[in-house]
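Residues per chain are reported as follows:
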Amino acid sequence: MTYSFENVIAWQKAHAFVLETYKATRHFPEEEKYGLTSQFRRAAVSIEANIAEGYKKLSKADKLRFFNISQGSIEECRDYLILSRDLNYINSYEFATLYACIEESSTFLNLYCKAIVENRGVKDEI
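All values derive from a computational prediction rather than experimental measurement.

Colleague: Give a description of the overall build of the chain that names residues and reports values.
Modeller: Scanning the chain from terminus to terminus reveals 4 helices and 0 strands. Starting at the N terminus and walking to the C terminus, you meet the elements of the chain as α-α-α-α. Taking 126 residues into account, the globule formula puts the C-alpha radius of gyration at 14 Å, and the chain, at 15 Å, falls close to it. Overall, the C-alpha framework of the chain stretches about 45 × 25 × 25 Å when taken along its three principal axes. Within the chain, the proportion of its 126 residues that are buried is 39%. A separation of at least 24 residues holds for 67% of the contacts in the chain among residues at least 6 apart in sequence. Counting only carbon and sulfur atoms, one obtains 54% of the accessible surface of the chain, whose full area is about 7100 Å². Each charge class in the chain was averaged separately, 16 positive and 18 negative side chains, and the resulting centres sit 6 Å apart.

Have a look at this one:
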């Protein structure tokens, strides 16, 4: 069996967050198309893309650098999520769903990073 970034739970959770983000931002006001909608989607995609890219890096430092970029994008999305709620672009259900997704993504990415830092054998299913 060939393993890839798709086997990493942190990537799977980030991908689920991206899909939810696209679904929620589909209904943002048209004037936000090149503003908040674009920024939110770009930052969400950055989370999973940097996990995917970091997955194949050979050195621990390179892996952690890409995963740290993902962590920064998680926080950027958390801010966009709060802003979207405060501007009434999403309802409380959408906010709760997206917030739960981003929390899961953050938790699994942090566990993955911790395993790398502690030199534990990182399994593809983390």
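Colleague: I'd like to hear about unusual backbone geometry, residue by residue, with values.
Modeller: In this model, Asn-88 sits at a positive phi of 60°, which is unusual for a non-glycine residue. Mapping Asn-88 onto the fold places it in the loop between helix H3 (60-86) and helix H4 (92-117).

Colleague: An account of the pattern of salt bridges is requested, with residue identities and associated values reported.
Modeller: In this structure the tally under the stated criterion is 7 salt bridges. The shortest N-O distance in the salt bridge between Arg-65 and Asp-62 comes to 4.0 Å. Placement of both Arg-65 and Asp-62 in helix H3 is noted, with a separation of 3 residues, approximately one turn of the helix. For Arg-65, a relative accessible area of 45% translates into the label partly exposed. Using a relative accessible area of 30% as the deciding quantity, one classes Asp-62 as partly exposed. The salt bridge partner of Glu-103 is Arg-78, with a shortest N-O separation of 2.3 Å. You can see Glu-103 sitting in helix H4 and its partner Arg-78 sitting in helix H3, a full 25 residues away along the chain. By relative accessible area, Glu-103 is classed as partly exposed at 31%.

Colleague: Can you explain the packing of H3 against H4? Please cite residues and give values.
Modeller: Packing of H3 against H4 leaves a shortest axis separation of 10 Å and a crossing angle of 165°. On the basis of the axis angle, H3 is roughly antiparallel to H4. As for how H3 packs across H4, the hand of that crossing is left-handed. Of the residues belonging to the contact of H3 with H4, the class tally is 15 nonpolar, 5 polar and 5 charged.

Analysis parameters
Residue indices begin from 1 for each chain and proceed along its sequence in written order. Per-residue local features are limited, in this predicted model, to residues with pLDDT of at least 70; the limit for side-chain atom pairs, both in listing and counting, is 80 or more; totals at the level of whole chains, interfaces and linings are taken over all residues. Side-chain measures here rest on the full set of heavy atoms in the structure, leaving out hydrogens and waters. Every helix listed is a DSSP run of H or I at least four residues long, and every strand listed is a run of E at least two residues long, numbered separately from the N terminus. As a reference, a globule follows 2.2 Å times the number of residues to the power 0.38, and the radius of gyration itself is taken over C-alpha atoms. The classification of residues rests on relative accessible area computed with a 1.4 Å probe and restricted to protein chains. Under 20% of the type maximum is buried, over 50% is exposed, and intermediate values are partly exposed. By definition in these notes, contact holds between two residues if any of their heavy atoms fall within 4.5 Å. Computed by Shrake-Rupley with a 1.4 Å probe, the accessible areas treat only the displayed protein chains as cover when residues are assessed. In this charge count, Lys and Arg are treated as positive and Asp and Glu as negative; neither His nor the chain ends contribute. To locate a charge, take atom NZ for lysine, CZ for arginine, CG for aspartate or CD for glutamate. We count a salt bridge whenever a side-chain nitrogen from Lys or Arg sits within 4 Å of a carboxyl oxygen from Asp or Glu. Angular values range over 0 to 180 degrees, each being the angle between N-to-C directions of two axes fitted as lines to C-alpha atoms, with helices fitted over their stretch in contact. Each angle is binned into one of four classes, with values under 35 degrees roughly parallel, values over 145 roughly antiparallel, values of 65 to 115 roughly perpendicular, and all other values oblique. By convention the crossing between two helices is left-handed if the near helix lies anticlockwise of the far one by an angle smaller than a right angle, and right-handed if it lies clockwise. Each residue gets one label: Ala, Val, Leu, Ile, Met, Phe, Trp, Tyr, Cys and Pro are nonpolar, Asp, Glu, Lys and Arg are charged, and the others, such as Gly, are polar.

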